[in-house]
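Okay, here's what each chain looks like letter by letter:
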Amino acid sequence: MTSTSLINPSDTIERQNEKLLQITDALMRRIENQTSQSGVAFAQFERAALLEKQVRQRTSELERTLDLLQDSNARLASASAEAQDARRDLADAIETVKEGFALFDPNDRLVMFNSRFCRDFRDVAPKLTAGMSFNEYIDRIASSRYLALPDADTPAGWRVRRLERHQDRNVMFNVELTQDRWLQVSEQRTGKGGTVVLQTDVTDLIRIERQERARLESAQARLIQATLDHLNQGVAIFDEDGLLLGWNRRIGTLLAVPAHLIQLGIAFEALVDQLGRDLDFLGDVDRAAFRAWASRQGRGEPISFEVRHGRRDVLHVFGSGLPDGGFLVSVTDVTAEREAAQRLFEINEMLEQRVMERTLELEDALGAAERANASKNRFVAAASHDLLQPLSAAELFISSLAGRLENDADRQVAAKAGSAIKSAVSLIDALLDISKLDSDRQRFDIRPVALSEIFLPLRDEMEVLATDKGLGFSIVDSALTVESDPAYLRRVIQNLAANAIRYTETGRVLIGVRRQGNSARIEVWDSGPGIAEEDQDRIFEEFQRLDSKASRNDGLGLGLAIVERACARLGHPLGLWSEPGRGSCFQVSVPLAGRAQPRVISAQAPRKIDLGRTGLIVLLVENEPELRRAMQLLMESWGADVIEAGDGEAAIDLIADLELMPDAMILDQQLGPGLSGTDLLVELTRRFGPRPALILTADRSEEVRRTCESLGVERMLKPLDRTRLGQFLTEAARAVP
């Protein structure tokens, strides 16, 4: 081994030292360089150890992630398999549906469909693909050669209408196909906004429906023709163009048009031209006006007129438009009606003449009767005054003679004679009272009256009579003040109380007052035998006594007649409740003082009512013909126009026929079977509004009185008060505008 020296021995010492210094410097730099590289290596070693730890950690995490990914992939694969199975099941399910089925998603994209969907559109079915838009599906249907459109329709127009219907949530309609086939299309929205489309073949159903409709139309046509042929009227039906569609044989007979000239499709104007010249148009309508009405512009309102055929026959022609634009013309033979109307007019004129003559006769008779009645009243008043004086003297003489007689038998004879004279005096007083009440000149002192002023003296008088018969008697005091004539009101209560005591054998008699609104109702109760319903009208007639046993000793049968007349003239409603075996209750209603307008009765009521020229129309409903006729003549003599009927139903029909509502109504309460007077008043008021009304009745029962009060209508008791009737009509005439 040979070594090479770095220093040349041949060099100088200086050169050698210089080289040694360079070598030393190079060695030092190398050593320093080696030391620096050793630190970097250590740092890299540390970094490598740290990276190894992180790599090991990341590798562990990656392994876990790969495990999760493998598990997710396994579950995803299982879910995908299940979804594929469900999709195949759904496809199999919709394939079993008998209708065409298609499902569009919320974005109107086709998701799935079965083989029957669009099967009838053979040029559309092969082009259906998943993901196709709904608009594209409609475009293909609209342009299909298998879609049948009306002549006036176009594919573009059908497409627009179809897409408009798609906006609705639920849609169902029919689509016509070629070769007379029909599909029913139904659209339903799903819960997520998608659309299910079903297509159902309804060809058979529509054909069956069409056949059934044709059969019905044919049957209806035969039925209509049979009906027209059996009508007594002539009928012709024209379409909107004025062409004849249907008719019956009667119209040709009535219009004198030969049957062979009336043909299907003949024009209306041609038919009018064929009418005979002996057919004269009556009134304002002529041939030209009839033609103008039959034009398209003139059918708005019906037309009605009459024509004369020949010298005698009169025909009524009526025309009316039909909903489809056509019109109908009917012809009726009214010859008999017009002849009857003419005869009725002639008879009416004759009857009016007779009625006028009869009215004049009745007015003369009425005047004579009024004069006779006034003469009778004057005679009764004068005779009563002349008879009372000697009878009063005879009563005094007999009373004086009875005190001088010592024989009991003679005293009994004298007592009987005195009793007979008292009865005669009572009879004359009663006749005088009735005469005064029947007189139109009777004066009444209407003023406030305290009921206690009447009850207190009456109690002392009536208690004696009741005690003699062993009856209990009581009057319930009242602090009410009423408007009445005190003398006549006392006479009314006195007669009622005396009548109750007279006919009551056991028990008691009670007088009391009930306040009802603006009136006081005075009631007289007894425990007597009662009065049968059929006898309740008779007891108010003169000299009527139902209980002859009770009447033999006392009573002349005039007390209740005086009560009725006094109450009628004073305007105090009189009522009666009675039940056989339980007793009776007479009731008098008197207005309270200061609560109602005082009833002012003129000192001299007019003897003749004159309604002037008011044109007052009065409805009179009374089931008694003679009374109805008498009232009609009386009211017509006063100037009223009276329309009359015998019962409620006839009155309603009469007003409907006349189309005229009367200004006042006078209704009898008892009208036989059917509506009563108050029932009729309620019905007429409901239909035509309120009118002044008066209820006539002989029924004095509490029920009728309460019914009239509730309806706010006046009750007039029979027999009729002529003066009050005249006042009612006068007040009604003033209300006529």
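Looking now at the environment of Val 124. With respect to the helices and strands, the residue Val 124 is situated in the loop between β2 (110-113) and α2 (134-142). Taking relative accessible area as the criterion, Val 124 reaches 1% and is therefore assigned buried. Taking the C-alpha atoms as reference points, Val 124 and Arg 140, 16 residues apart in sequence, are found 6.1 Å from one another. Among residues more than four places away in sequence, those in contact with Val 124 are Cys 118, Arg 140, Ile 141 and Ser 144.

Here we take up the packing of helix α11 (residues 486-503) against helix α13 (residues 559-570). The axes of two packed helices give the description: the angle between them and the distance between them. The geometry of α11 relative to α13 is characterised by a closest axis approach of 9 Å and an angle of 150° between their N-to-C directions. Looking at the two axes, α11 sits roughly antiparallel to α13. At the point where α11 passes α13, the crossing takes the left-handed sense. Between α11 and α13, the contacting residues are Tyr 488, Arg 491, Val 492, Asn 495, Leu 496 and Asn 499 on the first element and Gly 559, Leu 560, Ile 562, Val 563, Ala 566, Cys 567 and Leu 570 on the second. Residue classes in the contact of α11 with α13 are distributed as nine nonpolar, three polar and one charged.

Turning our attention to the pattern of salt bridges. One side chain can pair with another of opposite charge once the charged atoms of both are near each other. Tallied over the full model, the rule gives 14 salt bridges. Across the pair Glu 187 and Arg 162 runs a salt bridge, and its minimum N-O distance is 2.4 Å. Residue Glu 187 is located in strand β4 (residues 181-189), and its partner Arg 162 is located in helix α3 (residues 155-166); the two are separated by 25 residues in the primary sequence. Comparing Glu 187 with Arg 162, the two get one shared label, buried. In the salt-bridge network here, residues are joined through shared partners; they are Arg 514, Arg 521 and Glu 523.

Before going further, it helps to spend a moment on α13. The α-helix advances 3.6 residues per turn, and as a result positions three or four apart in sequence lie on the same side. Along its twelve residues, α13 runs 16 Å from first to last C-alpha, staying within 8% of the 16 Å computed at 1.5 Å per residue. Where burial is concerned, most of α13 is hidden: ten out of the twelve residues are buried. Those residues of α13 lying buried are Leu 560, Ala 561, Ile 562, Val 563, Glu 564, Arg 565, Ala 566, Cys 567, Arg 569 and Leu 570. Of the residues trailing α13, Gly 571 is marked for its positive phi of about 80°.

Conventions we followed
Counting starts from 1 at the beginning of each chain's written sequence and moves along it residue by residue. For this predicted model, a pLDDT threshold of at least 70 governs which residues receive local features, and a threshold of 80 or more governs which side-chain atom pairs are given and counted, while totals over whole chains, interfaces and linings are taken from all residues. Only hydrogens and water are removed before side-chain values are computed, so all heavy atoms of the structure are retained for them. Secondary structure elements are taken from DSSP: a helix is a run of H or I of four residues or more, a strand is a run of E of two residues or more, and numbering for both begins at the N terminus. Between buried and exposed lies partly exposed: a residue is buried under 20% and exposed over 50% of the maximum accessible area for its type, with that area taken using a 1.4 Å probe on protein chains only. Two residues qualify as a contact provided that any one of their heavy atoms is within 4.5 Å of a heavy atom in the partner residue. Geometry is summarised by axes, namely lines fitted to C-alpha atoms with helices restricted to the contacting stretch, and by angles between N-to-C directions that run from 0 to 180 degrees. Orientation labels follow simple angle bins: below 35 degrees gives roughly parallel, above 145 gives roughly antiparallel, 65 to 115 gives roughly perpendicular, and whatever is left gives oblique. Whether a crossing is left-handed or right-handed is set by the direction in which the near helix is turned from the far one by less than a right angle, anticlockwise for left-handed and clockwise for right-handed. Residues are grouped as follows: nonpolar covers Ala, Val, Leu, Ile, Met, Phe, Trp, Tyr, Cys and Pro; charged covers Asp, Glu, Lys and Arg; every other residue, Gly included, is treated as polar. Whenever Lys or Arg places a side-chain nitrogen within 4 Å of a carboxyl oxygen from Asp or Glu, that contact is recorded as a salt bridge. What a helix is expected to span follows from its residue count: subtract one and scale by 1.5 Å.

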